[in-house]
Amino acid sequence: MSTMPDLVPAYPEIFLALAGMALLMIGVFRTKDSTGLLTWLAVAAMGVAALLIVNGPQGPVKTFSGMFVVNSFTVFAKLLTLAGAAVSLWLINAWVHKEQIARFELPVIVLFATLGMLMMISANDLISLYVGLELQSLALYVLASYHRNNLRSTEAGVKYFVLGALASGLLLYGSSLVYGFGGTTSFDGLATAMASAPQSHVGVIIGIVFVISGLAFKVSAVPFHMWTPDVYEGAPTPITAFFSVAPKVAALSLFLQVLAGPFAPLIGQWQQVIVFISLLSMGWGAVAAVAQTNIKRLMAYSSIGHVGYALIGLAVGTTEGARGMLFYMLIYVFMNLGTFAVILSMRVKGRAVEDIKDLSGIGKTNPGIAIALALLMFSMAGIPPLAGFLGKYFVFMAAIKAGMVPLAVFGLLASVVAAFYYWRLVKIMYFDAPADAFDPPDTATGFIMTACTVLMLVLFFESAPFVGGAETAAKALSFG
Amino acid sequence: MTYYLAVFMPLLGAFIAGFFGRAIGDRGAHIVTCLGVGIAALCSIPIFSEVALGGKDQVLPVATWLTSGTFEANWALRFDTLSSVMVMTVTCVSTLIHIYAVGYMHHDDSQPRFMAYLSLFTFAMLMLVTADNLVQLFFGWEGVGVVSYLLIGFWFKKPSACAAAIKAFVVNRVGDFGFLLGIFGVFVLFDAVNFDVIFQAAPAKADASVHFFSRDWHAMTIICLLLFVGAMGKSAQLFLHTWLPDAMEGPTPVSALIHAATMVTAGVFLVARMSPLFELAPDALTVVTLIGASTAFFAATIGCVQNDIKRIIAYSTCSQLGYMFFACGVSAYQAGIFHLMTHAWFKALLFLSAGSVIHAMSEEQDIRKMGGIWKKIPFTYTVMWIGSLALAGIPFFAGYYSKDMILEAAYGAGSPAGRFAFVLGLAAAFMTAFYSWRLLFLTFHGKPRADHHTMEHVHESPLIMTIPLGGLALGALFAGFLGHDVFVGEGRAEFWREAIGTTAGHDVIEAAHHVPGWVVASPLVVSFSGILLAYFLYIRRTDLPAKIAGAFPGVYQFLLNKWYFDEVYDFIFTKNVFRFGKWFWKGGDTYIIDGFGPDGLSSLIARAAKRLGAVQSGYLYHYAFAMIVGIAAFVTWFVAGGAG
């Protein structure tokens, strides 16, 4: 009879799982539509989970036979994920009521997806990694096709599911190769095995490439990004907002955990792949977005580009790089949420619109929305004094200090091209002839839009505590 | 304190009127700018008596400017006799012109801008004349150049004004290039740009040479010639004179202040200021004499046939500047500066009277369309007479003292170049008298040739314009009489002291006082004959001028077209530069830089974006295929490349 594992480190996840099931029961047995109620309960549950994380163990603790890890890195990533998920849920709730497609399962699914993300972040074993990833992914597939009467939403769900399954297959296949070489699925065991091997076997390298490809799919990095524009466009807008923040944070954190953990000794090998993926993502995200006319597709390419920048932090393979990447993600989450809050406010006479040209002249008709979007776009393009500048600054500096100057230069050039399409929105808003005015945004959306915009300024001028947090988190990784 | 006030009050006025013109309005701008230069003018009089008459030269530091290695140039105000004469002339004339401009420009929409420019010009001119070193002098030099550009093009909606402004600027650039090279040369030779240092070291370097184009050249001659090229540009001497007549596109007060009384004389000032160097370069002085004399003659010939009232006076200015230069060229710098001073008064007077005539004739400038108006504007008529008498050098008017002195000095110098200058100067004096009275007779006498409507509106200018005219007329009457003793007479040695460098035993002014009697009398004779000829042709036999022009069509056209300088320059330089520029524009910039740079890149990205968009087909199997190809590529890379 084995002893009971230490449950304390996993309290937040256990609480979320129980809360999710309880919410499901409430939804089933309550006759009235309870989407609103459940949303608030889910947000509350995320808040409690966040409290449990903050007050729980911070130092490196492992449990469940070393499959689950908690350290300052996981704390940072989990809090960011929860924040992204909670804000998204708030946006979702406001939107589904307007579109009259509210169903009580929605907050519950989001809650389970979030649970999967937390599991991913804390994974310390290929098995727990996969379980967390699948829990998240399955929930996301459902969310993508949530608007099931809408052809494009269902198409998005199917595409995401099939390609996601393919990616999962790649990940599993890679994991099996790695297991075949290392004889263990535990990250700690693999790290020891990798470090002791005199020369890396070609099999394990192929295994790592497959694992990286699987993870690259989740963060939508080129060339595994093809699903992103279609799913972003097809999925209901607030769900796209959710897609663009929380899973990205979780998957990038996982990426860092895996490459800095078991595969750290093989940095010479995976670094080239990550550099290449990063270059492709920055370039593709910048160039392909230029021709877009739909703002959600534009945001898809924009997020591909941003992932490329964040991956610079991973590619340099140093603590400073990891710090830069985490800070980048922090800024990215709120920058994107703010932008999606603006996109959700694009409603003309009660109907949602999502063409870029619908923004024409809102500088005159909706000055508040216009100024928020303008500031957010300047932040996206990386113009001081907005936080987007600092995000890019830290990853580029990390690359330069690590001697990877060409990578930083390419990043700069790509951001010049990207600046074009961000500024084009500003130009359209302020210099084109006004089209129909937008309806005034609802309280929640308006509040999120304002808060995120203000945050872009706050993060620039008061960056020290946040950079410090990212630094503490990055130090918990085993980079040199 | 008075010294600083004299220089910086105009700047303050310009600053307030220029930046807050809208806030303080037209009236406010008039008051601050007139007050600024007025205070400067009031300060200039005690300065003149203290420095020039009292003999207290001083250098007042303002601020450090440039220090780099051994190179040092500071802001400082240098007051000696030369600069205090200039300060007094500039501020007094400028004050009167400011006041005149208030009346002359009262119809204009942007008077604060105009007044600010005028004051800014005054400040720049003061910086120029009080400069302590060549670099500060160049600052003032370029400052007056810029304001001159702005004021010629003041009515920027007129294409001809814009063209004239650009022409003035570009031609001056040619001169400035020479000036800059001259400054560089001074620095190379002396390792300093400060006047005191240069002048002290000059005698030791009198025979220094520079090696250039595999030959040794006399360094001082090269430097002086280069500096003189700068002076030629600014002072519109032959070959670089083409901008000055066109500059008359500017408002008349501008023509009076900048293009007659002050800025154009900066070249003469430069030569006088650098006289210790010029004295060591006799060859350069010969060039100065020849160019000056030729200009005096050449401009006078053109002045005889022009029909635009302002252009006639402009060519007259050009011609008078020639006098000043050949005075300097024969080492009679004192006479040159004396003429500069008297000329400032009577030429400003002539221009402002011309402005008053134009004002009266409803903006008409062609003297062929005037005539018979003297009874209607008697005051303008009177002061114009005074100005013309002074210009022609009729006894006891200002020009008499200075111009005769110059001609006597040219003769007294004894050199071939001096004799050449004397002859041409005499010829020019004849023509000066002729065209001045031609202008007077055609403008004021004879039958009215303007249309009925214009004639009815002919009226005397308001007091605000006539009072400055009166002030300038006093200058034209008395400046020569009052000044001749100290400038070129017995008191000159005590007056000038160190300000003018002359070679011992080579006192041209002294020689000028002992020339034969016929030399003294001849300018007077030719001037009177010029007046008589004009009287005969334009009052008695008004049919004759047309007949003479008809009899010598070649000569007439040659003169009317200003010796075809503009056409020749246009053919040789302007057209080719335009062709060259167009080639760079179309070939270099548009095709290569834009084509491969911004335009090329942006169209490349736009095309790439379309291409990438096409990859996004929407088909699931395409997407899966891309993923598989991607992973296959990575694996191949590692396996084939051996992966480190």
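Residues numbered from 1 in each chain as written. Chains lettered and ligands numbered in written order. Predicted model: local features only at pLDDT ≥ 70, side-chain atom pairs only at ≥ 80, totals over all residues. Heavy atoms only, no water.

This part takes up the overall build of chain A. Counting secondary structure elements, chain A contains 19 helices and 4 strands. Within chain A, buried positions represent 62% of all 480 residues. Carbon and sulfur atoms make up 69% of the accessible area of chain A, which amounts to about 16500 Å² in all. (Helix = DSSP H or I, 4+ residues; strand = E, 2+ residues; numbered from the N terminus. Buried < 20%, exposed > 50% of the residue type's maximum accessible area, 1.4 Å probe, protein only. Areas by Shrake-Rupley, 256 points an atom, 1.4 Å probe, with all protein chains shown as cover.)

Attention shifts here to the overall build of chain B. What chain B contains, in helices and strands, is 28 helices and 4 strands. For chain B, the proportion of its 644 residues judged to be buried stands at 57%. Of the contacts formed within chain B by residues at least 6 apart in sequence, a portion of 80% connects residues at least 24 apart. With an accessible surface of roughly 26100 Å², chain B has 69% of that area assigned to carbon and sulfur atoms. (Contact = heavy atoms within 4.5 Å.)

With that settled, consider the environment of A:Gly446. When you line up the elements, A:Gly446 lands in helix 18 (residues 443-461). When the C-alpha positions of A:Gly446 and A:Ala372 are compared, they lie 9.9 Å apart, and in sequence the two are 74 residues distant.

This part covers a nonpolar patch on the surface. Residues and elements named next belong to chain B. Side chains of Phe558, Tyr564, Val568, Phe571, Ile572, Phe573 and Val577 sit close together on the surface and give an oily, nonpolar patch of about 680 Å² of accessible area. Looking at the nonpolar patch, the element that brings in the most residues is helix 26 (residues 565-596), giving 5 residues. As for its position among the elements, valine 577 is in helix 26. (Patch = residues over 30% accessible without salt bridge, like charges linked within 9 Å, V, L, I, M, F, W, Y side chains within 5 Å. Salt bridge = Lys/Arg side-chain N within 4 Å of Asp/Glu carboxyl O.)

Let's shift gears to the nonpolar core. With 213 residues, the main nonpolar core has B:Leu277 and B:Phe278 as its most contacted residues. Element by element, the count of residues in this core is highest for helix 15 (residues 333-360) of chain B, at 18 residues. Those residues in contact with B:Leu277, other than ones at most four positions away along the chain, are B:Val186, B:Phe190, B:Ile198, B:Ala202, B:Met220, B:Ile223 and B:Cys224. In terms of nonpolar packing, the next biggest core, distinct from the first, is built from 199 residues, A:Leu91, A:Ala381, A:Ala387 and A:Tyr421 among them. (Core = buried A, V, L, I, M, F, W, Y, C linked by side-chain atoms within 4.5 Å.)

At the junction of the two partners, chain B supplies 23 residues and chain A supplies 33 residues. Of the roughly 2600 Å² buried between chain B and chain A, counting both surfaces, carbon and sulfur atoms make up 83%. Together, B:Met627, B:Phe634 and B:Phe638 form the three largest contributors to the area buried by chain B at its contact with chain A, with a combined 26%. Applying the counting criterion to the chain B and chain A interface returns 0 salt bridges. Applying the counting rule to chain B against chain A returns 4 residue pairs in polar contact (both at pLDDT 80 or more). Looking at the side of chain B that touches chain A, the elements that each hand over two or more residues are helix 27 (598-615) and helix 28 (620-641) of chain B. Looking at the side of chain B that touches chain A, the element that brings in the most residues is helix 28 of chain B, giving 13 residues. Here the residues of the side of chain B that touches chain A sort into 18 nonpolar, 4 polar and 1 charged. (Buried area = accessible area lost by both parts, 1.4 Å probe. Polar contact = N/O pair within 3.5 Å; in protein donor to acceptor, adjacent residues only side chain to side chain. Nonpolar A, V, L, I, M, F, W, Y, C, P; charged D, E, K, R; others polar.)

Right, let's talk about the pairing of strand 2 (residues 71-79) of chain B for a bit. Residue and element names in this part refer to chain B. Most of strand 2 is tucked away, with 7 of its 9 residues classed as buried. Pairing of strand 1 (residues 58-68) with strand 2, which is carried by 9 bridges, proceeds in the antiparallel orientation. Its bridge partner lying in strand 2, serine 68 is registered against phenylalanine 71. Connecting strand 1 to the next strand, strand 2, in antiparallel fashion are 2 residues, including glycine 69 with a positive phi near 65 degrees. (Pairing = 2+ DSSP bridges.)

Time to look at helix 13 (residues 319-344) of chain A. Think of an α-helix as 3.6 residues a turn; residues three or four steps apart then line up on the same face. Over its 26 residues, helix 13 of chain A runs 37 Å from end to end, which matches the ideal 38 Å to within 8%, given 1.5 Å per residue. Of all 26 residues in helix 13 of chain A, 25 are buried; the element is thus mostly enclosed. (Expected span 1.5 Å × (residues − 1).)

Residue and element names in this part refer to chain B. Contact geometry for helix 13 (residues 282-303) and helix 14 (residues 309-329): axes closest at 7 Å, N-to-C directions at 160 degrees. Taken together, the axes of helix 13 and helix 14 are roughly antiparallel relative to one another. In the packing of helix 13 onto helix 14, the handedness of the crossing is left-handed. Along the contact surface, helix 13 presents Leu285, Val288, Thr289, Gly292, Ala293, Thr295, Ala296, Ala299, Ala300, Ile302 and Gly303, while helix 14 presents Ile312, Tyr315, Cys318, Ser319, Gly322, Tyr323, Phe325, Phe326, Cys328 and Gly329. Its residues placed into classes, the contact of helix 13 with helix 14 shows 14 nonpolar, 7 polar and no charged. (Axes fitted to C-alpha atoms, helices over the stretch in contact; angles between N-to-C directions. Parallel < 35°, antiparallel > 145°, perpendicular 65-115°, else oblique. Left-handed = near helix turned anticlockwise from the far one by under 90°.)

Let's shift gears to the packing of aromatic side chains. All names here are of chain B. The final tally for this structure, using the stated rule, is 67 aromatic pairs over all chains. With 5.7 Å between their ring centres and 10 degrees between their planes, phenylalanine 195 and phenylalanine 199 make a pair best called stacked. Remark: phenylalanine 199 and phenylalanine 195 occur in helix 7 (residues 195-201); sequence separation between them is 4 residues, near one turn of the helix. Each member of the pair phenylalanine 195 and phenylalanine 199 is classed as buried. A centroid spacing of 5.6 Å and a plane angle of 75 degrees characterise the contact between phenylalanine 487 and tryptophan 496, whose relative ring orientation is edge-to-face. (Phe/Tyr/Trp six-rings, centres within 6.5 Å; stacked < 30°, edge-to-face > 60°.)

Residues and elements named next belong to chain A. By the element assignment, valine 43 lies in helix 2 (residues 35-55). Here the alpha-carbon distance between valine 43 and serine 88, two residues 45 residues apart in the chain, equals 9.8 Å. Setting aside residues no more than four positions away along its own chain, valine 43 makes contact with Ala86 and Leu89.

Here we come to the packing of helix 2 (residues 21-53) of chain B against helix 4 (residues 111-129) of chain B. Residue and element names in this part refer to chain B. Running from amino to carboxyl end, helix 2 crosses helix 4 at an angle of 30 degrees, the nearest separation of the two axes being 8 Å. Put simply, helix 2 runs roughly parallel to helix 4. The element helix 2 and its partner helix 4 pack so that their crossing is left-handed. Residues Gly21, Gly25, Asp26, Ala29, His30, Thr33, Cys34 and Val37 of helix 2 lie in contact with helix 4, whose contacting residues are Gln111, Pro112, Met115, Ala116, Ser119 and Thr122. Along the lines of polarity and charge, the residues of the contact of helix 2 with helix 4 split into 6 nonpolar, 7 polar and 1 charged.

This paragraph deals with the confidence of the model for chain B. The share of residues in chain B with pLDDT of 70 or more is 99%, and the mean pLDDT across the chain is 88. The ipTM for the predicted assembly is 0.87, set against a pTM of 0.66. (pLDDT = per-residue confidence, 0-100.)

What follows covers the pairing of strand 3 (residues 209-212) of chain B. Strand residues, when the strand is regular, have side chains that alternate between the two faces of the sheet. All names here are of chain B. Two elements, strand 3 and strand 4 (residues 215-218), share 4 bridges in a ladder whose sense is antiparallel. If you follow histidine 211 over to strand 4, its bridge partner there is aspartate 216. Between strand 3 and strand 4, which pair antiparallel in sequence order, lie 2 residues; one of them, phenylalanine 213, sits at a positive phi of approximately 50 degrees.

Residue and element names in this part refer to chain B. Tracing the sequence through the fold places leucine 226 in helix 8 (residues 219-234). Accessibility expressed as a relative area gives 23% for leucine 226, which makes it partly exposed. Here the alpha-carbon distance between leucine 226 and glycine 178, two residues 48 residues apart in the chain, equals 4.9 Å. Excluding residues that lie within four positions of it along the chain, leucine 226 makes contacts with Gly178, Phe179, Leu181 and Gly182.

What follows is about helix 12 (residues 295-316) of chain A. Residue and element names in this part refer to chain A. In a regular helix each residue adds 1.5 Å, so 22 residues correspond to 32 Å; helix 12 covers 32 Å between its end C-alpha atoms and thus fits that length. Of all 22 residues making up helix 12, 22 are buried, and the element is well covered by its neighbours. Sitting at the amino-terminal end of helix 12 is asparagine 294, which places a side-chain oxygen 2.7 Å from the backbone nitrogen of lysine 296. Looking one or two places after helix 12, you find glycine 317, whose phi comes out positive at around 65 degrees.

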